[in-house]
Amino acid sequence: GINAEYGGRVRAEVCKALEDRTVERPKVPSENILINELIREYLEFNGYHHTLSTLLHESKQPTQPLDREFLRSEVRLNVQPPHIPLLYGVVSHLTTEQA
């Protein structure tokens, strides 16, 4: 509840304070952006809001999510139900392919 909310905020603030702003961060590869977007959608779906805010802060991911259809086509998934995160489709595809 409230303690978890404050704990998430404190963690985010500690990470911000520890960050070395004098070091320029390397450009993020496009694969990382796609992976982070899949994780973002998963975290939002499961209600992991504090984890999501930390991910967005640390990864410098844009605050506006990528278009879901663009993301789906980039990871080459068939049409997925709009209420299910694409990451579930990726896992399903990989586990079905292995069987």
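Here is a short report on the structure shown in this document. (Residues numbered from 1 in each chain as written. Predicted model: local features only at pLDDT ≥ 70, side-chain atom pairs only at ≥ 80, totals over all residues. Heavy atoms only, no water.)

1. Digging into the packing of aromatic side chains
Okay, so step 1: This model, assessed by the stated rule, comprises three aromatic pairs.
Okay, so step 2: A centroid spacing of 5.9 Å and a plane angle of 70 degrees characterise the contact between Phe45 and Tyr88, whose relative ring orientation is edge-to-face. Separated by 43 residues along the polypeptide, Phe45 in helix 2 (residues 30–45) and Tyr88 in helix 5 (residues 86–98) bring together distant segments of the chain.
Okay, so step 3: Residue classification places Phe45 among the partly exposed positions, given a relative accessible area of 44%.
Okay, so step 4: For Tyr88, a relative accessible area of 36% corresponds to the partly exposed category.
Okay, so step 5: Here the aromatic residues Tyr42, Phe45, Tyr48 and Tyr88 are joined through ring pairs into a cluster of three or more. (Phe/Tyr/Trp six-rings, centres within 6.5 Å; stacked < 30°, edge-to-face > 60°. Helix = DSSP H or I, 4+ residues; strand = E, 2+ residues; numbered from the N terminus. Buried < 20%, exposed > 50% of the residue type's maximum accessible area, 1.4 Å probe, protein only.)

2. Focus: the nonpolar core
Okay, so step 1: Listed in full, the six residues of the largest apolar core are Leu34, Leu38, Leu71, Leu77, Leu86 and Val90.
Okay, so step 2: Of all the elements in the fold, those that place two or more residues in this core are helix 2 and helix 5.
Okay, so step 3: Discounting residues that sit within four places of it in the chain, Leu38 has contacts with Leu71, Val75, Leu86 and Leu87. (Core = buried A, V, L, I, M, F, W, Y, C linked by side-chain atoms within 4.5 Å. Contact = heavy atoms within 4.5 Å.)

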